[in-house]
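Report on the structure
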Amino acid sequence: MSVRRLADASVQPEGFAFNRANAAWAKQAIKKYPQGREHSAVIPLLMRAQEQEGWVTKSAIEHVADMIGMPYIRALEVATFYTQFQLAPVGTRAHIQVCGTTPCMLRGSEELIDLCKKKIHPEPFHTNGSGTLSWEEVECQGACVNAPMVMIFKDAYEDLTPERLDEIIDAFEAGKGDSVKPGPQIDRVYSAPATGLTSLTDEAIVTGKHHASERVAAAPQKEGTSMPPSRAAKPKTFAMETAPGVKSPSPEKASRNGEKAASVSAPADDEAAADLTEPTVEGEARPRKHPDGKAGASAAPKGKSGKKDKGGAA
Ligand code: FES
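A brief look at the structure comes next. All figures in this text were calculated on a predicted structure; none of them were measured in a lab.

Considering the overall build of the protein
Each helix and strand in the protein was counted, giving twelve helices and five strands. Buried positions account for 18% of the 314 residues belonging to the protein. Sequence-distant contacts in the protein: of pairs separated by 6 or more residues, those separated by 24 or more amount to 56%.

Written out as structure tokens, the structure reads:
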């Protein structure tokens, strides 16, 4: 875990104020939260301050804290915790965030980092001579399928080679970052296989544009075969908790008496039945084997009295 501190006082500007558009936006953003919960707006406001200034200054943190009535220390905690906030000046034209997590590393991110070291600055978070570019290594950005990749501002540039990243950095340095198409930098659509589709190759089937009769012809069903409804997430056992008589949640939650009246009595606990396998699930009804080798009901735990416990009957 890296140490994150505010930038040196020598680079901190004297004050901060949102510009007119951002001030109006911030006011609306705070209103999204219920009265008394304005602190919840701290992250979007800090992000907007970063978008406006390029990084999060001490005065921006304090300004945001004042806007939402939050103690400075709380806002400072947030700003210094989340790595999305840049606490020192970054490149004015591009801050290159190179993903160095395993999939990107296996696909060549180290070469991208070497390029940044050579082209921008040997150390991350340092700007180049003209202050226009900077870089850092980040963790997975969620585009692993198209590794290796970098983020610049809010856009991802994927399927990179050092040569392509070199061109992209040059474009940003020349103030032409808008001309670079984000996403895959090779001839693939989003995250589709780079070598072409291997399945779902029939566009009409994928888009559901087949005529109904064609669909039947395309996938004839064998006579006598039918697909039973899925039993997923529908356990059927003799256990009390899943008995159909026990409805939960109860429609009557407001009053205790109402809830009681609406409830169905739970079925009587039956040790023997609880320990039986469910024939429709496991194919046969037989006592379950307990780890101690004893068969189901006879292995029920005994209470202090030495008699068998009655289980969890309410
Ligand atoms: S590992 Fe790089 S985007 Fe996920």
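Resuming the write-up.
A word on the sheet that holds strand β2 (residues 133–138)
Taking strand neighbours across the sheet as the criterion, the five strands line up as β2-β1-β3-β4-β5 in an open arrangement whose pairing is mixed. Every interior strand has two partners, whereas the edge strands, β2 and β5 (183–184), have only one. Alignment of strand β1 (residues 94–99) against β2, held across six bridges, turns out to be parallel. Bridging across to β2, His95 finds its partner in Ser134. Across the sheet, helix α6 (residues 109–119) lies against β1, β2 and β3 (150–152), angled at about 155° from β1, the strand it touches most.

Regarding the nonpolar core
Core analysis: the biggest nonpolar cluster contains 23 residues, and Ile96, Val98, Leu112, Cys116, Met149 and Val150 have the highest contact counts within it. Taken together, the elements giving at least two residues each to this core come down to β1, α6, β2, β3 and α7 (162–173). Grouped together as the second largest cluster of nonpolar side chains are 16 residues, Phe18, Ala41, Ala60 and Met70 included.

Structural notes on the packing of helix α2 (residues 42–53) against helix α3 (residues 58–68)
Close contact between α2 and α3 brings their axes to 10 Å; oriented N to C, the two are set at 140°. The hand of the α2/α3 crossing is right-handed. For the pair formed by α2 and α3, the contact residues are Val42, Leu45, Leu46, Ala49 and Glu53 on the first element and Ala60, Ile61, Val64, Met67 and Ile68 on the second. Among the residues making up the contact of α2 with α3, the classes are represented as nine nonpolar, no polar and one charged.

What about the environment of Arg188?
Locating Arg188 in the fold gives a position in the loop between β5 and α8 (203–207). Along the chain, Arg188 and Asn146 lie 42 residues apart, while their C-alpha atoms are 9.5 Å from each other. What Arg188 contacts, discounting residues up to four positions off in sequence, is Asp159 and Ala194.

Overview of the pairing of β1
Across the six residues of β1, six count as buried, placing the element largely inside the fold. The two faces of β1 match: Ala94, Ile96 and Val98 on one face and His95, Gln97 and Cys99 on the other face are all buried.

Some words on α7
For α7, which comprises twelve residues, the first-to-last C-alpha distance of 16 Å matches the rise-based estimate of 16 Å (1.5 Å per residue) to within 8%. Among all positions of α7, only Leu165, Ile168, Ile169 and Phe172 are buried. All buried residues of α7 project into a common sector of 100° when viewed along the axis, lining one side. Across α7 from its buried face, at more than 90 degrees, point the exposed residues Glu163, Glu167 and Asp170.

Section: the environment of Pro162
Inspection of the secondary structure puts Pro162 in helix α7. Residue Pro162 is classed as partly exposed on the basis of its C-beta count, with 17 C-beta atoms lying within 10 Å. Remark: the alpha-carbon pair of Pro162 and Ile113, spanning 49 residues in sequence, is separated by 8.9 Å. Dropping the residues within four chain positions of it, Pro162 is found in contact with Glu111, Leu112 and Leu115.

Comments concerning the pairing of strand β4 (residues 155–158)
Relative to β4, β3 is paired through three bridges, and the arrangement is antiparallel. Across the sheet, Val150 pairs through a bridge with Tyr157, a residue of β4. What sits between the antiparallel neighbours β3 and β4 is a turn of two residues, in which Phe153 has the positive phi angle 55°. The pairing of β4 with β5 spans two bridges and is parallel.

Conventions used here
Residues numbered from 1 in each chain as written. Predicted model: local features only at pLDDT ≥ 70, side-chain atom pairs only at ≥ 80, totals over all residues. Helix = DSSP H or I, 4+ residues; strand = E, 2+ residues; numbered from the N terminus. Buried ≥ 20, exposed ≤ 12 C-beta atoms within 10 Å, placed from the backbone. Contact = placed C-beta atoms within 7 Å. Pairing = 2+ DSSP bridges. Axes fitted to C-alpha atoms, helices over the stretch in contact; angles between N-to-C directions. Core = buried A, V, L, I, M, F, W, Y, C linked by C-beta atoms within 7 Å. Left-handed = near helix turned anticlockwise from the far one by under 90°. Nonpolar A, V, L, I, M, F, W, Y, C, P; charged D, E, K, R; others polar. Expected span 1.5 Å × (residues − 1). Arc of directions from axis to C-beta.

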